[in-house]
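Listed here are the chains, written in short residue letters.
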Amino acid sequence: QAKKDGRGVYRVYDESMQAETASGWSIEQELTIALLDDQFHLMYQPIVALQGMAIQGFEALIRWQHPERGLIAPDHFIPIAEQSRLIIRIDHYVLRKALRQAAFWFAAGQRFYLSVNVCGATLSEPGFVTWLDELFQQYGIPCSCLALELTERSLIENISQAKDSLRQLRQRGIRILLDDFGTGYSSLSYLSEFRLDVLKIDRSFISNMTDDATDHPIVNTIIALAKGLQLSVVAEGIETKAQQQVLQRLGCDYGQGYWFARPLSAEQAMDWLKAARADLQ
Ligand code: C2E
Ligand code: MG
Ligand code: MG
Ligand code: MG
């Protein structure tokens, strides 16, 4: 949606970036420099099994450490990058960084996956799957170390190419997660058309679950829908113990949110994991 609402997005950007804009750099130029200058890093947020609490994976989330403006969240630059082919370069950059980290963790004996957000343009780019194959080879890790998160919007923008890539990715054992489920084009037909593994219930539905209600019809229905399609379900944005308990009761498979952990640096993620595993014993 942000794509169509370009003006609104730019306004957000302008508020924090007025000075540079005045000096003549376009946002695209700044992002290009940032890529060359390695100004981005990844944070990792755990995805936890709600029964048994085992760690399933970590979602990789990009951050921009701007030399003058400080830390910039992805909502302030990803929608802008999506308006041009810059998003493809950013997605490649993130995948390289994520797989390097995955290789490090894999070598240390960890067996969870890293879940990376990619946009439809990246997925539909000819040669994407071959490019990924080469990365896996370079890092010497199995494809099961990676999961990809796509939004409904980005999948339908290039249906036939996206379908083809998804098929090849899943053949390799790369899990496909449908991100922000329930907020996009609410056409359900492509849910069975696309081969997916996991639905991520958008966090707006989770934060709308009030503590006093006993039934949660929307969340309940999304979980039932996922089960009917033989997909597993992740609830995003779990912030309270009450939400975790309700989701457990409703049969949601996995959870992610500040209640478990905020997005963490790679080092913090390992500390968190050690503490979580010690807790389980
Ligand atoms: P997303 O993929 O839906 O990621 C989840 C967002 O929710 C993250 O925001 C995360 O920090 C936030 N979050 C997690 N748990 C909670 C919670 O309990 N409460 C609240 N209020 N928020 C929570 P973040 O990191 O700012 O990312 C925003 C969006 O930017 C992501 O939404 C994703 O669409 C996009 N994005 C992030 N990293 C990348 C990337 O590497 N590539 C691409 N193409 N997009 C990315
Ligand atoms: Mg995501
Ligand atoms: Mg999401
Ligand atoms: Mg989102």
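As the structure is a prediction and not an experimental result, all values here were calculated from the model.

Student: Would you mind going over the coordination of the magnesium ion (ligand 3) in detail, with residue names and values included?
Tutor: Ligation of the magnesium ion (ligand 3) by protein atoms is provided by Asp179 (OD), Asp180 (OD), Glu236 (OE) and Glu236 (OE), these donors lying 2.0 to 2.6 Å from the ion. Written as a sequence motif, the donor residues of the magnesium ion (ligand 3) are D-D-x55-E. Between the magnesium ion (ligand 3) and the magnesium ion (ligand 2), a spacing of 4.0 Å is present, and a bridge between the two is formed by aspartate 179. Here the residue aspartate 180 occupies a position in strand E6 (residues 175-181), and glutamate 236 occupies one in the loop between strand E8 (232-235) and helix H12 (241-249), the gap between them amounting to 56 residues. Residue class for glutamate 236 comes out buried when judged on its relative accessible area of 10%.

Student: Which residues make up the environment of asparagine 117, and what values do they have?
Tutor: If you trace the backbone, asparagine 117 turns up in strand E4 (residues 113-117). For asparagine 117, a relative accessible area of 25% corresponds to the partly exposed category. Measuring from C-alpha to C-alpha, the distance between asparagine 117 and leucine 188 comes to 21 Å, with 71 residues separating the pair along the chain. Once residues lying within four places of it in the same chain are set aside, the contact partners of asparagine 117 are Glu59, Ala60, Leu61, Asp91, Glu149 and Asp179. At 2.8 Å, the side chain of asparagine 117 and the side chain of glutamate 59 are in polar contact. A polar atom in the side chain of asparagine 117 sits 3.4 Å from the backbone oxygen of alanine 60.

What counts and what doesn't
Residues numbered from 1 in each chain as written. Chains lettered and ligands numbered in written order. Predicted model: local features only at pLDDT ≥ 70, side-chain atom pairs only at ≥ 80, totals over all residues. Heavy atoms only, no water. Donors = N, O, S within 2.8 Å, 3.2 Å for Na, K, Ca; no water. Helix = DSSP H or I, 4+ residues; strand = E, 2+ residues; numbered from the N terminus. Buried < 20%, exposed > 50% of the residue type's maximum accessible area, 1.4 Å probe, protein only. Contact = heavy atoms within 4.5 Å. Polar contact = N/O pair within 3.5 Å; in protein donor to acceptor, adjacent residues only side chain to side chain.

Keep in mind these values describe shape, not function.
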